[in-house]
Amino acid sequence: MIELDSISKRILRELESDGRISNAELATRVGLSASACLRRVQELERSGIIVGYRAVINHKALGIGCIAYVGVGLSDHTKHSQEAFEQAITRSVEVRECHNITGSYEYLLRVETTDLIAYKKFHTDVLGVLPQVHAITTFVVMDSAKDDR
């Protein structure tokens, strides 16, 4: 684990909030010169703390009307079964996140589709045909009070 000072932590918070902020503006916000700020950001990138920059997309504008979190239980807990499931899931464009978790399920998926009918097709035609899948529990998102992704 890498220890960060308060300035590096402020740099990370600012970049999480606005990844397109100019170096000059970032430096002003965190109280550094532009060159010192740029060196800090480059070091955060080199050390692997900053691994990339992303655009935040308005999914509703793209027609994504259904978001669901899906708990998936596997029929067995072997490494082979997990790897086969993960390979199958990575090919599915509807699955935006796949997490191996503890608890009642082995996996938690974030699934995005145009609507509930499209989700049902994904449920049936993708998850429903995987031999590793034993149980599927779906939690449909009705609204999001906070979403910092």
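See the structure above.
Residues numbered from 1 in each chain as written. Predicted model: local features only at pLDDT ≥ 70, side-chain atom pairs only at ≥ 80, totals over all residues. Heavy atoms only, no water.

**Regarding the layout of surface pockets**
Right, so step 1: The space that makes up the largest pocket amounts to roughly 1500 Å³.
Right, so step 2: Lining the largest pocket are 35 residues, with Ala 55, Val 56, Asp 147, Asp 148 and Arg 149 sitting closest to its centre.
Right, so step 3: When residues of the lining of the largest pocket are traced back to their parent elements, those giving at least two are helix H1 (6–17), strand E1 (66–74), strand E2 (95–100) and strand E3 (107–113).
Right, so step 4: No other element matches H1, which puts four residues into the lining of the largest pocket.
Right, so step 5: Grouping the amino acids of the lining of the largest pocket by side-chain chemistry returns 15 nonpolar, seven polar and 13 charged. (1 Å grid on protein atoms, 1.4 Å probe; cavity = no way out; pocket = protein on both sides within 12 Å on 5 of 7 lines; lining within 4 Å. Points joined across faces, edges and corners; volume = space filled by probe spheres on them. Helix = DSSP H or I, 4+ residues; strand = E, 2+ residues; numbered from the N terminus. Nonpolar A, V, L, I, M, F, W, Y, C, P; charged D, E, K, R; others polar.)

**With respect to the side chain of Ser 8**
Right, so step 1: As for its position among the elements, Ser 8 is in helix H1.
Right, so step 2: Ser 8 sits in the buried class, given a relative accessible area of 8%.
Right, so step 3: Polar side-chain contacts of Ser 8 include one of 3.0 Å to the side chain of Arg 40.
Right, so step 4: Not counting residues within four places of it along the chain, the set of residues in contact with Ser 8 comprises Arg 40 and Leu 44. (Buried < 20%, exposed > 50% of the residue type's maximum accessible area, 1.4 Å probe, protein only. Polar contact = N/O pair within 3.5 Å; in protein donor to acceptor, adjacent residues only side chain to side chain. Contact = heavy atoms within 4.5 Å.)

**Things to note about the pairing of E3**
Right, so step 1: Most of E3 is tucked away: six of the seven residues are buried.
Right, so step 2: Bridging between E2 and E3 involves five bridges; their strand directions are antiparallel. Paired with Cys 98 across the two strands is Leu 109, which belongs to E3.
Right, so step 3: Linking E2 back to E3 in an antiparallel pair, the connection comprises six residues, with Gly 103 at a positive phi of about 110°. (Pairing = 2+ DSSP bridges.)

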